[in-house]
Number of protein chains: 2
Amino acid sequence: MKRDRQETEQRLLIATGQVLARDGFRKVGVNSIAKQAGVDKVLIYRYFDGLDGLVKRYAAQGDFWPGIDELLGEELIGNKAQAFRSYPLPEQVARVFENYIDAIRSRPLTLEILAWEMVERNELTAHLETIRENLGQQLISLIDPGELSDPELFAGVTALMSASIHYLATRARHIRIYNGINLREEAGWDQIKRALRHLALSSI
Amino acid sequence: MKRDRQETEQRLLIATGQVLARDGFRKVGVNSIAKQAGVDKVLIYRYFDGLDGLVKRYAAQGDFWPGIDELLGEELIGNKAQAFRSYPLPEQVARVFENYIDAIRSRPLTLEILAWEMVERNELTAHLETIRENLGQQLISLIDPGELSDPELFAGVTALMSASIHYLATRARHIRIYNGINLREEAGWDQIKRALRHLALSSI
DNA sequence: GCATATTGTCACCACCTGGTGACAATATGC
DNA sequence: GCATATTGTCACCAGGTGGTGACAATATGC
């Protein structure tokens, strides 16, 4: 084996993601990651000061979350933010959350971390919390303050919407039907998007 | 030790709930439950055919879920269903979900199982799924079919509402603030209830 | 060149997990 | 009474976990 600390650190970071994606967060541990990386586990303690440090570094370098561009809609090119602002607010909200659904559902690793969050708080989930918070702030900053007559109500409504998406997307990994809706078929998700859009347009 | 199979089985069932409530589902195992019950673990295999069988029996005898009365509102006595039906549908929905929030938040064991569901499917979570399904059907049966112009939309909206409640209530065990809302204070939950009521009244 | 620090390998530890076979203690059927 | 079945105790197994100390192999500084 070559003696190259940087490369071994990289291998461990990559292996972390591989184990997380392949076996789930419950299998994430020094033994499995070291085995996956083809490296001795003692190096995790030397280079990252333990599993927590490794996970923290992994969180800092990976991107498991959609950027604002993805949420505004891929069809908008050029100055997205400005074009987006031309929509009425309810339409903006509907679009953002429709895109949010697609963004989260297409990221198995993100779904895994969302499930992890429900059970435990660690370096990775904590990191995701701040990312999410920043993204929320960015989105709110796009809104003309004059349009928000009741910010507290708006925060409540958007909290409910994002929460429901997190739940349904994560839950879809273990169940087929929720409230009569098929979470394993695109038709089911279209039904959810339609309801979401209806809520946005009628309530904001 | 007395030789009484029935009592031993009871002790194991009780111990299952105790371990689940005190240490969380990740600690639920033959060793911890047997120790909690003060009984040898081999009896779990003999009497319940393993941990799965024990959990299944535990699921069948415990009640971790609100009944329909609790969701309709405790203030209604006598013929609840009939009194409840006198409300307009949007008001019915708002009330049910407000009560649902209180019902779930007040049951730590239920919150633990909701978190468990996000990670794994087992005898207990499967049992809870059917309970929940039945409850949903009961609630829908209270609605005059003529009032539902778009049942698919209604299913989507109520799915989003219940999903968001499950998520936020479970998530509150690990984080304080979600989307600027304090999940550890009653004021935060009042804000959520207000948003939920707003959605119900404006969209149904 | 050589001493020193870094990188990697390996064996080992204590502890916990699910699971089982052997055996003692008690109850039951006749 | 006695043979049999049931209940409970205990010791043990293989395999997994996180964590560490000892040592060899290589690179670096002078």
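Look up: the structure comes first, before these words.
As a starting point, this report considers the structure included with it. (Residues numbered from 1 in each chain as written. Chains lettered and ligands numbered in written order. Predicted model: local features only at pLDDT ≥ 70, side-chain atom pairs only at ≥ 80, totals over all residues. Heavy atoms only, no water.)

Structural notes on the packing of aromatic side chains
Thinking step 1. One pass over the full model with this rule turns up twelve aromatic pairs over all chains.
Thinking step 2. Centroid distance A:Tyr167 to A:Tyr178: 5.8 Å. Interplanar angle 65°. Geometry classified as edge-to-face. Residue A:Tyr167 is found in helix H10 (residues 151–171), and its partner A:Tyr178 is found in strand S1 (residues 177–178); the two are separated by eleven residues along the sequence.
Thinking step 3. Residue A:Tyr167 is classed as buried on the basis of its relative accessible area, which comes to 1%.
Thinking step 4. Owing to a relative accessible area of 7%, A:Tyr178 belongs among the buried residues under this scheme.
Thinking step 5. On the basis of an interplanar angle of 80° and a centroid distance of 6.3 Å, the ring pair of B:Phe97 and B:Tyr100 is categorised as edge-to-face. Linking B:Phe97 with B:Tyr100, this pair stays in helix H7 (residues 89–105), spanning three residues, or about one helical turn.
Thinking step 6. Using a relative accessible area of 6% as the deciding quantity, one classes B:Tyr100 as buried. (Phe/Tyr/Trp six-rings, centres within 6.5 Å; stacked < 30°, edge-to-face > 60°. Helix = DSSP H or I, 4+ residues; strand = E, 2+ residues; numbered from the N terminus. Buried < 20%, exposed > 50% of the residue type's maximum accessible area, 1.4 Å probe, protein only.)

Quick word on the protein's contact with DNA strand C
Thinking step 1. In the neighbourhood of DNA strand C, 19 residues make up the surrounding shell, with A:Arg3, A:Arg46, A:Tyr47, B:Lys41 and B:Tyr45 lying closest.
Thinking step 2. Sugar and phosphate atoms form 49% of the subset of DNA strand C atoms that lie within 4 Å of the protein.
Thinking step 3. Between B:Arg3 and DNA strand C, the recorded distance is 3.0 Å, taken from a side-chain N or O atom to a base nitrogen.
Thinking step 4. Contact between DNA strand C and B:Lys41: a base oxygen at 2.6 Å from a side-chain N or O atom of the residue.
Thinking step 5. Looking at the surface near DNA strand C, the elements that each hand over two or more residues are helix H1 (5–23) and helix H3 (42–48) of chain A together with helix H2 (30–37) and helix H3 (42–48) of chain B.
Thinking step 6. Within the surface near DNA strand C, the residues separate by chemical class into seven nonpolar, three polar and nine charged. (Near = heavy atom within 4 Å. Polar contact = N/O pair within 3.5 Å; in protein donor to acceptor, adjacent residues only side chain to side chain. Nonpolar A, V, L, I, M, F, W, Y, C, P; charged D, E, K, R; others polar.)

Considering the environment of A:Thr170
Thinking step 1. Summarising the element assignment, A:Thr170 is placed in helix H10.
Thinking step 2. It is 18 Å that separates the C-alpha atoms of A:Thr170 and A:Val19, two residues lying 151 residues apart in sequence.

A closer look at the relation of the copies chain A and chain B
Thinking step 1. Mapping chain A onto chain B calls for a screw motion: a turn of 180° about the axis and a shift of 0.0 Å along it, with 0.1 Å RMSD after fitting. The two molecules are tied by a two-fold rotation axis, judged by turn and shift. Relative to the rotation axis, the closest C-alpha in chain A is found at A:Ser164, a distance of 1.9 Å.
Thinking step 2. Residue by residue, 100% of the interface of chain A is reproduced at the interface of chain B, so both copies engage with the same surface. (Least-squares fit on C-alpha atoms with pLDDT ≥ 70 in both. Contact = heavy atoms within 4.5 Å.)

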